[in-house]
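Commentary on secondary and tertiary structure
As a plain string of letters, each chain reads:
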Amino acid sequence: MKNKPGLRKGNFFESIAKGERIVTETHAEINNEDITLDVKEFNLFYGAKQALFDINIKIPKGKVTSLIGPSGCGKSTLLRSVNRINDLLSIVRIEGNMYLNDDPIYDPAVDVIELRKRMGMVFQKPNPFPMTIFENVVYPLRIDGERNKNVLAEVCEKSLRGAALWEEVKDRLNDSALAISGGQQQRLCIARAIAAEPEVLLMDEPCSALDPIATNKIEDLIDAMRGEYTILMVTHNMQQAARTSDYTAFMYLGRLIEYGPTGTIFQAPHCQETSDYVTGRFG
């Protein structure tokens, strides 16, 4: 029987303190979605310290999903596990698996470089390369061997339009990407991320280094990309999650507590812990 809003069996925080396994409160609506990214029984360790515990989450195709929770709860660690950036740390060990359109991300035979080509990544701070605006956008195609000038020009314009930046920089494509504003740089990084037509777009607090005006433009862009791209986003800003995402997942101390439609998570969550967090009672 489905729990009434605000109620659920047991106490998550007490169970966490006792080291007991947590079963995520996953809302039934996700079962009606096509899934792009499927995380199953995923655990991550930094040496002897465990950072993620038994994560099970399905990220729906063409939707925006936000990860929220207090600092240090594992949001960015989970996000960076998707494109295996955490592999760069020798002390990292994982259990479980993730599947990108049914392909196992952590299979030993996976070519990580090829895997990352299927994903776009946008970091907290804009990180344009020290080259022209044009070369920043087409960089994913360049490293894949594309040399046709017409193809590169077409992808550049399409990607900049997709990132709502074309009209602002179309006459400056040969200028350094470092010469534009921070908000424009972040949209440029989004254009670069979508140039390779990724299956999933990962965003790690993409607005945390931006002013309110630039933040509004990024949020408008995320809304415009809804449907065309599957977006998984970490945000520390709960209002941003409420404004931009279709689904929201609440994490705490490396556990996924509750996952469901954003409106329900913020207005009628199933778990008291989720309610306490989104209403500011803790965190």
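Residues numbered from 1 in each chain as written. Predicted model: local features only at pLDDT ≥ 70, side-chain atom pairs only at ≥ 80, totals over all residues. Heavy atoms only, no water.

1. So, the sheet that holds strand β9 (residues 231-234)
Pairing is mixed in the open sheet, where seven strands are placed in the order β1-β11-β10-β4-β9-β8-β7. The sheet terminates laterally at β1 (25-26) and β7 (119-122), the two strands that pair on one side only. For strand β8 (residues 200-204) and β9, the ladder comprises four bridges, and the chain directions are parallel. Note that in β9 the partner of M203 across the bridge is M233. In the packing of helix α2 (residues 75-82) onto the sheet, the strands contacted are β4 (64-68), β7, β8, β9 and β10 (247-252), and the crossing angle to β8 comes to about 150°. (Pairing = 2+ DSSP bridges. Helix = DSSP H or I, 4+ residues; strand = E, 2+ residues; numbered from the N terminus. Contact = heavy atoms within 4.5 Å. Axes fitted to C-alpha atoms, helices over the stretch in contact; angles between N-to-C directions.)

2. Concerning the environment of D175
Position of D175 among the secondary structure elements: in the loop between α6 (166-169) and α7 (182-194). Its relative accessible area of 34% is what places D175 among the partly exposed residues. When the C-alpha positions of D175 and I218 are compared, they lie 22 Å apart, and in sequence the two are 43 residues distant. Leaving out residues up to four positions away in the same chain, D175 has contacts with M131, T132 and I133. (Buried < 20%, exposed > 50% of the residue type's maximum accessible area, 1.4 Å probe, protein only.)

3. Quick word on the domain arrangement of the chain
One can read the domain layout of the chain as domain 1 (19-105 + 199-282) and domain 2 (128-197). Relative placement of domain 1 and domain 2: their C-alpha centres are 27 Å apart. Counting residues at the interface gives 11 residues for domain 1 and 12 residues for domain 2. Taking both sides of the interface into account, the surface hidden between domain 1 and domain 2 amounts to around 870 Å²; carbon and sulfur atoms contribute 74%. Looking only at domain 1, the three residues that lose the most surface to domain 2 are K217, L221 and Y229, adding up to 42% of its buried area. (Domains from an automatic or database assignment. Buried area = accessible area lost by both parts, 1.4 Å probe.)

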